[in-house]
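Single-letter residue listing:
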Amino acid sequence: AAAPGAGWAAVCEKFRTARTLSAVESRKDPETEPYRSKYSARALLQEVKQLLSGGEEGGEARLLAVRRAVLEYELGVNHTDTEELSAGEEHLQRCTQLLQPHRLSPDCVSLYIQAQNNLGILWSERDEIKTAQTYLESAEALYNQYMKEDGNPPLDPSEHFMAEEEKLTDQERSKRFEKAYTHTLYYLAQVYQHLEMIEKAAQYCHTTLKRQLEYCGYYPVEWALNAATLSQYYLSKQCFMESRHCLAAASVIFSQAGQVPSAEDNETEQDQQDLRQRKAEIARCWIKYCLNLLQSARKLLEDNIGELDPDRQLELKAQRKKEEDEKEKGRKKAVLFGTSDIYDSVLAMEEKVSSVYPLDFQEAREIFLVGQNYVQEAKEFFQVDGYVTDHIEIVQDHSALFKVLAFFEEDYERRCKMHKRRIDMLEPVYADLNPQYYLLISRQLQFELADTYYEMMDLKVAIGNRLEELDSHTIKKINSLAQLAIKYYELFLDSLRNPDKVFPEELEEDVLRPAMVAKFHIARLYGKLITSDSKKQLENMQTSLEYYTFLVEYCEKYPNAVRAIETELELSKEMVGLLPTRMERLRAKLCPFI
């Protein structure tokens, strides 16, 4: 069998060369022969396999079986790497069959888990996610069973072809074993994600990230992106403390990327570009964090007409004082990432932005400013040239930050100025956009611009109502804002027309509500226009009536639409009842003798 002494040393040397070819040399293979080193490694592994035939009796047989299993494993991974999945699967299956009886012993457990990991990957590459899940969950169960029943650092597979004096320390063994198990969890997280078991995927992703830090087995950029992605999951669950923790950790670990030379870093211009892009992507996750925190606070604080409810505000402030003391203690322990040195930097990062609902303008403004800084950072990379869609989404988020901040602002004039900032950032972007190529974004911008002008018009009317008497300047302002809102709502509605400029009989589900809101707002806007010319006023009322009537008649024809616009429909019916009488009165004033 495996001859002791010189013969065995030569076998080990062949094995080691094969591994070096596969892991190191293959990186330098030319594009014309991408698998050159992998094929050379395969030939050497086959030779070693030949040398290990025979010698089937007694204790020798088990030793031999394990060594063969190592070779089958290496051959399996080799074939998978060269995209020969069926051959790869055969070798990996053979490896697990050879180990099956001994899979819980310290010299086999790590190899068995790694073989199952690779079978899991192989099956997910074939899109057979359920089969992949079976292999990975069985690897997970085996790790847990081994740690419970034995728990000593097991042998690393490579040690089966090493001389005694080269064997690894217990510390190194443990590190490699834990790394193999971290891989199991990492692939399981992806499998659960695929199967839409989102909660479970997040939990496994979190554990993976935690373990990668613990055992220093990670690439900073990849780690940071995974943590930032996880933060978005916590955001969707309104777990702001956890979300912030993940983002802070992402930012801290990402900052290592430039400093630590790693396998990721054969620095080229392209790599630099990639790093800048990833940094901007993490910034975008921070923007979403700030925006979501502000918007969730608004939901808690608003009354039924969308204004800030001061009683609710006092109540929430009192409640927060009570909760704060209890909560911090309990939740911090659950999610912490990292070793103490990393942890200090993460903590410092977290302290830059709150994770509790802002309850007044000052608190909201602090979160707003953090979000706005990240907007600038993200825009530096995602510029209009080359990244139109990304750039516009960031501008839209910036506008949304102003919109939600305005909710917290009590002074109407200052609130109006915030909406004006939104107009100033959205209009130029819209003006440069080709609606033929970007229909959806174009519609979103038309609608948002219209809504913003509408909001400003309402604020100016409210400001005007506080005056003794409307001055001509305010009247002009109200009219011009109303006209601009109408212009953008009409542009939005025109975008729904077919090539022959005909408005659709029945509206698609996704545009139904916005189209109806646009019609309803236009009706209201015509009612707000101020004119001393009664004839003009009659025309405006007539137009207003037509738009209200559209809503009412549409809902009579398509009763399914009612759900989407109940409030607007109620008001429209009311106006359809009231306007004709008002118009009659006005007409009578105009021509009293008819």
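As the structure is a prediction and not an experimental result, all values here were calculated from the model. Once a new chain begins, its residue numbering starts again from 1 and follows that chain's sequence as written. A pLDDT threshold of at least 70 governs which residues receive local features in this predicted model, and a stricter bar of 80 or more applies before side-chain atom pairs are shown or counted, although totals over entire chains, interfaces and linings include all residues. Side-chain measures were taken over the full set of non-hydrogen atoms in the model, leaving aside hydrogen atoms and water.

A.B. asks: Mind showing me how you'd approach the packing of aromatic side chains here?
C.D. replies: Within 6.5 Å between ring centres, the rings of Phe, Tyr and Trp (the latter by its six-membered ring) count as paired, and their orientation is classed by plane angle as stacked under 30 degrees, edge-to-face over 60, tilted in between. Per the counting criterion, the structure on display carries 29 aromatic pairs. Consider the rings of Y143 and F177, whose centres lie 5.4 Å apart with planes at 35 degrees: the pair is tilted. Highlighted residues: Y143 in helix α6 (residues 129-149) and F177 in helix α7 (residues 170-194), separated in sequence by 34 residues. For the pair Y143 and F177, a shared accessibility class is recorded, and that class is buried. Here Y192 and Y204 contribute two aromatic rings whose centre-to-centre distance is 5.1 Å and whose plane-to-plane angle is 70 degrees, an arrangement assigned as edge-to-face. Of this pair, Y192 sits in helix α7 while Y204 is found in helix α8 (residues 198-214), placing the two residues 12 residues apart along the sequence. Y204 matches Y192 in its accessibility class, with the two residues each being buried. Each member of the aromatic cluster is reached from another via a ring pair, and the members are F240, W286, Y289, Y357 and Y374. Two limits define a charge over a ring: the Lys NZ or Arg CZ must be within 6 Å of the ring centre, and within 35 degrees of the ring normal. Directly above the ring of F382 sits R284, whose terminal nitrogen or CZ lies 5.3 Å from the centroid. Its guanidinium or amino end placed over the ring of F550, K519 lies 4.2 Å from that ring's centre, counting from NZ or CZ. What counts as a helix is a DSSP run of H or I of at least four residues, what counts as a strand is a run of E of at least two, and both are numbered from the N terminus. When accessible area is computed with a 1.4 Å probe and restricted to protein chains, residues below 20% of their type maximum are described as buried, those above 50% as exposed, and intermediate ones as partly exposed.

A.B. asks: Sorry, what's going on with a nonpolar patch on the surface here?
C.D. replies: On the surface, a cluster of nonpolar side chains totalling about 200 Å² of accessible area is made up of L467, L470 and I530. Tracing the sequence through the fold places L470 in the loop between α17 (439-465) and α18 (472-494). Like charges are joined within 9 Å and nonpolar side chains (Val, Leu, Ile, Met, Phe, Trp, Tyr) within 5 Å, but only among residues with over 30% relative accessible area and no salt bridge; these make up the patches. For the area figures, the Shrake-Rupley method with a 1.4 Å probe applies, and any residue is considered shielded solely by the protein chains shown. Put simply, a salt bridge is a Lys or Arg side-chain nitrogen that is within 4 Å of an Asp or Glu carboxyl oxygen.

A.B. asks: How should I be thinking about the state of the cysteines in this particular structure?
C.D. replies: Two cysteines whose sulfur atoms are joined by a covalent bond form what is called a disulfide. Whenever a pair of cysteine sulfur atoms sits within 2.5 Å, that pair is classed as a disulfide. In total, this model carries 0 disulfides according to the counting rule given. Here C285 is not disulfide-linked; the sulfur of C246 is the nearest cysteine sulfur, at 11 Å. Given the relative accessible area of 14%, C285 is considered buried.

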